[in-house]
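# Structural overview for review
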Amino acid sequence: MENVFNENAAKDFVERYPDIPYEFALRVYTSRLFGSEPDLVLHGGGNTSVKLKTKNIVGEEEEVLYIKGSGVDLASIEPEGFAAVDLTFLRKLRKVESLSDKEMETQMQIHRLGLSGVNPSVESLLHAFLPHKYVDHTHADKVLVLTNQRHGEDIIKKALGSKVAVLPYSMSGLPLAKAVFSQYEKDTKIEALVILNHGIFSFGEDAETSYARMIKYVNRAEAFVQEGIRGKILMTPRVGIAPCGEISVSVARVAQSVRGACAHRANDGSLRRFYVANRNTSDLVKASLSEEARGLCGSGVLTPDHVIRTKNRMVHIDHIPEKDDDLKKIITREIEVFKQAYHDYFHCQVREKGVDREELDPYPRIFLVAGLGLLALGFTQKDARIAADIAEHAIRAKVQADAMGECVPLLDSHVFDMEYWSLQQKKLGKTSLSMLQGQIAFITGGAGAIGFGIADRLIAAGAVVVLSDIDQSRLEKVRSILANRYGETKVETITSDVTDYQSIEGAFDEISVRLGGIDIVVPNAGIAYVAKIEALEQKNFEQAIAVNLMGTFNVIKASIPVFKRQGTGGNIVAISSKNVFDPGAAFGAYSASKAGAHQISKIAALEMAELGVRVNMINPDAVFGDEEISSKLWDLVGPDRMKARGLDYEGLKDYYRNRNLLKTGVLSEHVGNAVVFFASDQAPITGATLPVDGGIPAAFPR
Ligand code: ZN
């Protein structure tokens, strides 16, 4: 691992933050260096601090500990990501016998010296007690490989040298902070300290020294690991395992089945669904196909910080049968075994410790799947990706740890303390339970005004949306507006052609690889031609049928195997048209093909009810879109309609507004709201048509 401290970059940071002391700016700089190296820390892991003397508003000097906020990501940390705490007071806590979680939290809050919105790291006291100006802490992979060995203490001493102290594992908080301080008092020359089964701390009087020490010792650990595994066979390939066919198709099938099997009712009765992330680097695939795979899954986390993301153990799926039913059986059986083991672990720990805790959900987060690498689950897409990254590093490190000697991860008792520690759970934040939380929506015609409006409303209601279209550049435009509004993880795009069944099937596979599956399907792509029957050319009529009717058919048909594998129901909301009930002259190609799509959707409602999938239709009228995202349909037919009626664009909008009962313009977000209504299962409706047209009597459903 390279020491990437750079004088010029450090100066840039000092200049970038002129309002804070330069030592603090350098603290931000090296914190980011740690955060940018995934072999050191991952997603909010690790923590850093600096101790400064500052003057308060009445001119008195105060000693302040600036400590990373709990759960803040070091890779992108800003000065606001640090909490300022009264250092003089924190040091007094050394005299306190014990401190409950609640009391520690209270004291931290009382003695804060700034208004930063973040909570001080759970390791604040350890940072406070050490006298060094800079303290850094990581869960470096290579250090974890060594600390999880049977004779971890001896190995660490041998590998890292005499200026590194080693402490046995103990839970973060006051006792660990005290133990670290007394270790320091015994030998004030130490440059770093390793806590077995946890990680490494380095310290120094300036930012560069503390950073450089971390890199130095991690490199020593790495060299020791390399030496230890040299010439050894890391993994033994399992014999007789059948190849799993095309990888993306297999990942999609397994992801859909896993996602369905792990969906469960929460205490409030709502169905909690997971998002799925996939990692399939060649070493993970190799691990998944090895004799050691089951052992890797069963041995537990290398540092307890990870347990809230990945749970302690993983599930191994040792082969992928060709038939979906057989696959489901294997996955369900493995999940049941996992859940039972989790219940046993929970009840055993609660009983032994004599504590009262509410059991967290017993579902696994990580699956190591033969031939496919790993699948990770999370209640948000971000959580799934974090779990995947952590598991990827953990599996790699465990393979090395096994090859080094005997890997002995933490006892369940310690893991439980960490998993059920209130301060640790806080890091996960409150997962919003908005209406469509956990759901994945697929919208065709995603580059147009209605697609945009539907996506906007679905994301606002909690879903992750995948927009599909054949028009890649418009699709990107819509995506970037939504990503700016809601965040990059809420919207994905995929180029596909609704007239081509294989293209849609491929899109569903791709979405399942990226996200895990599909819950809400919105066939929305549509085209129109303005021509009386006399002038309507067959090829134009056929094209309207291909997009409007066959497109709807293809999307519904391709969704069925996905819904079947998931087994958790879902919603299809077909965007139909006012013209189905109230057609207009010269609009035959559009009206007839939409009527066909409407009818096939009703048939789908009849056939898919047994899967728990509801199919409903929305009949909008005259949705123009806005300047940002226009309606492709109106771009096409608008000029002709204006000419026919002798109106300009605004005049045409007025015309449509005035022809409905409510004298109102219909916006794409109105259609979006109607989709959310159906998709959120608020009433048991299927096969229904909802007009969103301001009220047009001739188009009333009948
Ligand atoms: Zn830690």
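Residues numbered from 1 in each chain as written. Predicted model: local features only at pLDDT ≥ 70, side-chain atom pairs only at ≥ 80, totals over all residues. Heavy atoms only, no water.

### What to know about the packing of aromatic side chains
Think of a pair of aromatic rings as described by two things: how far the centres are apart, and how the planes are tilted against each other in angle. This is how it is decided: For this analysis, a ring pair means two rings from Phe, Tyr or Trp (six-membered ring only for Trp) whose centres lie within 6.5 Å, classed as stacked if their planes differ by under 30 degrees, edge-to-face if by over 60, and tilted for the remaining angles. The secondary structure listing takes helices from DSSP runs of H or I that are at least 4 residues long and strands from runs of E that are at least 2 residues long, numbered from the N terminus. Any residue under 20% of the maximum accessible area for its type is buried, any over 50% is exposed, and the rest in between are partly exposed; the area is computed with a 1.4 Å probe on protein chains only. We call a charge positioned over a ring when the NZ of a Lys or the CZ of an Arg lies within 6 Å of the ring centre and within 35 degrees of the ring normal.
Per the stated rule, a full pass over the model turns up 18 aromatic pairs. Here Tyr-345 and Phe-416 contribute two aromatic rings whose centre-to-centre distance is 6.0 Å and whose plane-to-plane angle is 75°, an arrangement assigned as edge-to-face. Taken together, the residues Tyr-345 in helix 14 (residues 324-353) and Phe-416 in helix 16 (residues 412-419) connect sequence positions 71 residues apart. Exposure class is identical for Tyr-345 and Phe-416. Each is buried. Linked through ring pairs, Phe-5, Phe-13, Tyr-17, Tyr-29, Phe-34 and Tyr-211 together constitute an aromatic cluster. The ring of Phe-129 carries the charged tip of Arg-94 above its face, separated from the ring centre by 5.8 Å. Positioned above the aromatic ring of Tyr-501, the side-chain terminus of Lys-557 is 5.8 Å from the ring centre.

### Points about the domain arrangement of the protein
As a reminder of what qualifies: All domain edges in this entry derive from an automatic or database-based domain assignment. Any pair of residues with heavy atoms lying within 4.5 Å of one another is described as a contacting pair. Take the accessible area each of two parts loses on contact, using a 1.4 Å probe, and add the two losses: that sum is the buried area. When a carboxyl oxygen of Asp or Glu lies within 4 Å of a side-chain nitrogen of Lys or Arg, that pair is called a salt bridge. Side-chain classes are defined by residue name, with Ala, Val, Leu, Ile, Met, Phe, Trp, Tyr, Cys and Pro counting as nonpolar, Asp, Glu, Lys and Arg as charged, and the others, Gly among them, as polar.
Once the domains are mapped, the protein shows domain 1 (7-229), domain 2 (247-421) and domain 3 (440-621 + 666-693). Here the C-alpha centre of domain 3 lies 34 Å away from the C-alpha centre of domain 2. In this complex, domain 2 contributes 21 residues to the contact, which on the side of domain 3 involves 23 residues. On the domain 2 side of the contact with domain 3, Gln-256, Tyr-275 and Gln-381 bury the most area, a combined 33% of that side's loss. Across the salt bridge formed by Asp-324 and Arg-565, the nearest N and O atoms sit 2.8 Å from each other. If you list the elements that add at least two residues to the side of domain 2 that touches domain 3, you get helix 10 (247-262), strand 10 (275-279), helix 14 and helix 15 (381-404). It is helix 10 that provides the largest number of residues to the side of domain 2 that touches domain 3, a total of 11 residues. Residue composition of the side of domain 2 that touches domain 3, grouped by class: nine nonpolar, six polar and six charged.

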